[in-house]
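Spelled out from the first residue to the last, the chains are:
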Amino acid sequence: MKKINYQELVDSEQALQKRSIFWDPVIYEEELKQIFNRCWLFLGHESQLPQTGDFIRTYMGEDDVIVVRGKDKVIRAFLNACTHRGNKVCQAEGGNTRSFTCSYHGWSYNTEGELAGVPLEKEIYDNLDRERFGLVPVARVESYKGLLFGCFSEDAPSLVEYLGDIAWYIDVVTDSAKGGLEVIGTPYRTEIPGNWKLPVENAIGDGYHVAWAHAGAMSVVGALGHGRSDNVLGISANNTNVDQSAAIEVVMNTHTILTTLDGQSGYALYDHPEPVLAHLEENRPRVIEKLGELRGKQLYGSETHIGVFPNLQIIQGLNFIRIIHPKGPGKFEVWTYGMCEREMPEETKEVIHNHVRQTFGPAGLLEGDDGDFVEAITHSAAGYATRQMKGFLGMGMGRKVPWDGPGEASPGLVNEACQRGFYDQWRRSMEATNAHEIIGQTAPGVLREIRHG
Amino acid sequence: MANTELKTAPAIAATKVSFEQEWAIHQFLSLEARVLDEERYTDWLALLTEDIRYQIPVPLTTYRRNRASTTALKPLFIIDDGLPGLKQRAAREATGLVWLNDPATRHLRIINNIEVEVTEVPDEFLVRSKFLLYRGRREKDIVNHPGWREDILRLTPEGLRIAKRTVHLLERVIIDKNLNMFF
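Residues numbered from 1 in each chain as written. Chains lettered and ligands numbered in written order. Predicted model: local features only at pLDDT ≥ 70, side-chain atom pairs only at ≥ 80, totals over all residues.

A. View of the pairing of strand β19 (residues 304–308) of chain A. All names here are of chain A. Most of β19 is tucked away, with 5 of its 5 residues classed as buried. On β19, burial covers both faces: T304, I306 and V308 on one face and H305 and G307 on the other are all buried. Looking at chain direction, β19 and strand β20 (residues 312–316) are connected through 5 bridges and run antiparallel. The residue of β20 that forms the bridge with I306 is I314. Taking the residues that link successive antiparallel strands as the turn, the β19-β20 hairpin has 3 residues. (Buried ≥ 20, exposed ≤ 12 C-beta atoms within 10 Å, placed from the backbone. Helix = DSSP H or I, 4+ residues; strand = E, 2+ residues; numbered from the N terminus. Pairing = 2+ DSSP bridges.)

What follows is the structure, encoded as C-alpha cells:
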C-alpha cells in the first residue's frame, strides 16, 4: 500500500486540509486503527451505572462495547461479541442484568465478563477451558471524576496523562457541580450521512457559523429571540459585527477549548435562563473557593466547549455531553446527553433538559442546520476534482492573547484556532507509531507550569 | 368508563361515537395533514388548543424485563412542547432564514387506521392513528418516518381542536438530519 502523506493532507503552516480526508475509505480504515484503537474514548458517566448489574452499551470507534458494573462494584467494559462465534451478547441499550446471553447458542457471561454458562457443555466438550473464553475486555477503563473512558491500547498513557491540561478545564464542569455532575441516563441518538470529523470540529471551534448557519433559530430563541440583548456570544443580530474580546479559543497539546469568559453567557440561548443564572450566582462563591477566581468567575457559567480528542465534546452552557461515533467514512452517529448538577433544584434541571431538547436534540431548533452542510461537505468530496481541493481554516492565525490558564489562547469566538488544533492532532495521531506519540509535546513556553486554583 | 377493548384477540374498539362525528374527525385529520404538507404553520397552530401538550418520546431499546423505568435509564422526549414551544418552531420556519428548507422541502403525510373513542371528558375524543411522513428535499434526500399517534381531540365552539398529541416513532436512532417537521 502506498504510504499516506499526512503532511500533504493537513498542512498546518497554510491551515489547509485536503478534502479527501472526509471521503477516502483507506484513510478511514487507518483512523479506526490509529485513533479509535489507541486514544482514550468516552464511554459514559458513572451516574448511568449506580447499581450492581447496571449496564450501558456504547461504541469505541465502530466496536460495540458493553459497560457494566460488576458484583464487586467495579465498572468494566467488554466487546459485545460472543467468544464462540461473535454474535452480540447484548441487544439492549442499557438496563440491569445478571448476565449477558448470546442468542445464537446460549453461551452466557456474568457481569464480570466470565463465561458462566455453556448449554450442553458436559456432553459436547471435553474440558472446555472457560477461562479462555470470557468476554474480551477493553484493555483500560478509567474514570476522571465520574467521566468514564476506555482505551484499547495496553501501553497507552494513563487517562490523566492523556487528558493533560484539558483536565484543568474539565474540572470547571465536574468540580463546580453541586453534589457532582449528573447526566440524563439515555442519550439522544441521530445518524447523519457525513464524515465524523466535521461535526467534531464544528462543535469545538466553529463560532463563525453560529449566527449565519443558525440564523433562523437564533432569531427565535434565547437572548435575541426574546429581545434581552442585541447580541449573543458577542455576535450581533444579523451577523453584522462581533466582539472578539468576548471569548478565547485555547489549543492544548491534544485537546481544545473555546470559552466566553464572562461567567454567564452560557445561558444566552435559553428562553428562560433565570433559574439557572440564579443557581450559578448562588453556587459561584463555592466554585471560586474550590477552583480559584479565574475559573470561578470567568469560566463557570460561560459558554464553554471542551473538545477531548477525538470525539468527545463537553459543552457547558448549552449543557450537554456529545459523542460522535464514526460509522464508515460517510456516516456518523451523534449521541447527546443533557448534563446538570446533581443538587440543582428539580425545576432548574428541567429548564436545562428542556433547553437541550429544544436546541440540540434530534428535533432541535439548531441541530438540523449543521447536519445539512456536514453531509454536503462529505459528499461533494466524492467528485475527484472536488476532492483535490483543500479546506481553509486560517482565521485568527498568529493572533495571540494573554491567558493565565493552560494552553495557548487566541482571541475571539469567531476564530479557527481550535479547528486547526484538531486537525494538527488528527495528523499527529495518524502518524504516531505508538499510543504515547498521540499526545502532543508540551507547547512552547512555560504554559504547563501555569496553574491556578 | 368501561374498557373499550375486548380482552381477547382481536381487540375491537367498542366505539360510542356517532358515524357523523367519526367522519368529521377523519376529515379533520386529513385537513390537518394537508395544512402541514403545505407548510401553513400559522393555520396549523390555529388547530391546537391553548393547553396543548405535544410529545415525541424516544422508544428505548431495553429488555422486556427492564421496561418501565425499572433501571437507571430515564424516559426521554424528542419533543415535549406546549403551545409556546410549537409556536417557536413555527416562527423559525417563518423567518426565511432556515437554509435547509430552501429549496423548499416536500412533505407528504398519509394518515390511516383512525380509531375514535369517547373519553370521560365530554366533547373530548381519544383518537389513534397511524402515519407515514414522507419527506423529499434537494435532489434525492428522501426520508420516511412511519409511526402512530395518540391524540385527544376536543370539540370547541370553533370546531375540532388538538388538545394532546403523543407521537410514537419506531426509530431509536433517528435516521434523519433533523425532525424539524410536525407529525
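Still more to cover.
B. Just the sheet that holds strand β1 (residues 10–11) of chain A, in detail. All names here are of chain A. If you trace the 3 strands from one edge of the open sheet to the other, you get β1-β2-β23, paired in antiparallel fashion. Each edge of the open sheet carries a strand with a single partner, namely β1 and β23 (390–392). Bridge analysis of β1 against strand β2 (residues 16–18) gives 2 bridges, and the strand direction is antiparallel. Each residue of the ladder has a partner; that of D11, found in β2, is L16.

C. Main features of helix α2 (residues 25–36) of chain A. All names here are of chain A. Those residues of α2 not exposed but buried are E31, Q34, I35 and F36. One face of α2 carries all of its buried residues, which in axial projection span an arc of 145 degrees. Residues P25, V26, E29 and K33 are exposed on α2 and point more than 90 degrees away from its buried face. Where α2 is buried, its residues touch β3 (41–45), β4 (54–60) and α14 (417–431). (Arc of directions from axis to C-beta. Contact = placed C-beta atoms within 7 Å.)

D. Examining unusual backbone geometry more closely. Cis geometry is found at the peptide bond from F309 of chain A to P310 of chain A, where omega equals 5 degrees. The residue P310 of chain A is located in the loop between β19 and β20 in this model. Here the bond from D102 of chain B into P103 of chain B is cis, since omega is 0 degrees, no more than 30 degrees from zero. Note on placement: P103 of chain B falls in the loop between α3 (83–94) and β3 (106–118). Here the phi dihedral of E39 of chain B falls at roughly 60 degrees; this positive angle occurs in a residue that is not glycine. Within the fold, E39 of chain B resides in the loop between α1 (19–37) and α2 (41–45). The backbone phi angle of R138 of chain B is positive, close to 50 degrees, even though this residue is not glycine. Note that R138 of chain B resides in the loop between β4 (124–137) and β5 (141–156).

E. A look at the domain arrangement of chain A. Residues and elements named next belong to chain A. Under the domain assignment, chain A is made up of domain 1 (41–143) and domain 2 (165–449). A separation of 33 Å is found between the C-alpha centroids of domain 1 and domain 2. The interface of domain 1 with domain 2 comprises 7 residues on the first partner and 10 residues on the second. A class-by-class count of the residues in the side of domain 1 that touches domain 2 yields 2 nonpolar, 4 polar and 1 charged. (Domains from an automatic or database assignment. Nonpolar A, V, L, I, M, F, W, Y, C, P; charged D, E, K, R; others polar.)

F. View of the interface of chain B and chain A. Every contact between the two is made by 34 residues of chain B and, on the other side, 36 residues of chain A. Residue classes in the side of chain B that touches chain A are distributed as 19 nonpolar, 9 polar and 6 charged.

G. Seen up close, the packing of helix α6 (residues 197–205) of chain A against α14 of chain A. Residue and element names in this part refer to chain A. The contact between α6 and α14 brings their axes to 8 Å, and the two run at 140 degrees. Classified by the angle between their axes, α6 and α14 sit oblique to one another. Seen from above, α6 lies across α14 with right-handed handedness. For the pair α6 and α14, contact is made by K197, V200, E201, I204 and G205 and by A417, C418, Q419, F422 and W426, respectively. When grouped by side-chain class, the residues that make up the contact of α6 with α14 number 6 nonpolar, 2 polar and 2 charged. (Axes fitted to C-alpha atoms, helices over the stretch in contact; angles between N-to-C directions. Parallel < 35°, antiparallel > 145°, perpendicular 65-115°, else oblique. Left-handed = near helix turned anticlockwise from the far one by under 90°.)

H. Inspection of the nonpolar core at higher detail. Counting residues in hydrophobic clusters, the biggest one holds 141 residues, and the most contacted among them are L41, I66, V67 and I166 of chain A. Here this core takes 7 residues from helix α5 (residues 166–174) of chain A, the largest share from any one element. Two domains each donate at least three residues to this core, and these are domain 1 (41–143) and domain 2 (165–449) of chain A. Judged by nonpolar contacts, the second largest core, of 27 residues, contains L36, I52, I174 and M181 of chain B. (Core = buried A, V, L, I, M, F, W, Y, C linked by C-beta atoms within 7 Å.)

I. Molecular detail of helix α10 (residues 274–299) of chain A. Residues and elements named next belong to chain A. With 26 residues, α10 extends just 18 Å between its outermost C-alpha atoms, more than 12% less than the 38 Å of an ideal straight helix rising 1.5 Å per residue. At G292, α10 shows its largest bend, some 140 degrees. Looking at the buried positions of α10, the neighbouring elements they touch are α5, β18 (256–259), β19 and α11 (346–360). A positive backbone phi angle near 95 degrees is found at G301, which sits one or two residues after α10. (Expected span 1.5 Å × (residues − 1). Bend = angle between axes of the 7 residues up to and from the residue.)

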